[in-house]
Amino acid sequence: MASAETQSRFGQSVKGLLSDKVTSCSGDVIALTRQVLKGSRSQELLSQAARNMVIQEDAILHSEDSLRKMSIITTHLQYQQEAIQKNVEHSKNLQDQLRHLMK
C-alpha cells in the first residue's frame, strides 16, 4: 500500500509540475503574441511613414519645379521691365525734342 500511496503522491506532484509548466508556457505564448502584434503594428507604422515620405517627396519635387518656372518668369519680367524703362526714357527724349522743335 505504501507503494500505491507513493505513486499517487508522485503522480500528483508530476501533475502539479505539469500544470505549472503549462501555465508558464501559456504566459510565454501570450507575451510572444503581444510582441508579434506590437511588431506588426510597428511594421504598419513604418509602411505608412514610408508612403507619406514618398508623397512628400513628390510634393517637394513639384514645388521645386514650380520654383524653377517662377524664376524663369521673374527673369523674363525683369527683361520686360528694363525694356519698358528704356522706352519710357526714349519717349521722354522724344518729348523733349518735340518741345524744342515746337519753340
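As recorded by an unreviewed UniProt entry, the protein chain carries the name BLOC-1-related complex subunit 7 and is attributed to Phoxinus phoxinus. Regarding the protein chain, the relevant UniProt record gives this comment under Sequence similarities (unreviewed entry): "Belongs to the BORCS7 family." As its UniProt record puts it under Subcellular location (unreviewed entry), the protein chain is described as follows: "Lysosome membrane".

With that settled, the discussion passes to the pattern of salt bridges. Here the structure, examined in full by the defined rule, presents 5 salt bridges. When the shortest N-O distance is used, the salt bridge between Arg41 and Glu44 registers 3.3 Å. Of this pair, Arg41 and Glu44 both sit in helix 1 (residues 2-102), 3 residues apart, roughly one helical turn. On the basis of relative accessibility, which here comes to 47%, the residue Arg41 falls in the partly exposed class. Salt bridges sharing partners connect three or more residues here, namely Glu64, Asp65, Arg68 and Lys69.

Cut-offs applied
- Residues numbered from 1 in each chain as written.
- Predicted model: local features only at pLDDT ≥ 70, side-chain atom pairs only at ≥ 80, totals over all residues.
- Heavy atoms only, no water.
- UniProt positions renumbered as here; feature names shortened; annotations may be inferred.
- Salt bridge = Lys/Arg side-chain N within 4 Å of Asp/Glu carboxyl O.
- Helix = DSSP H or I, 4+ residues; strand = E, 2+ residues; numbered from the N terminus.
- Buried < 20%, exposed > 50% of the residue type's maximum accessible area, 1.4 Å probe, protein only.

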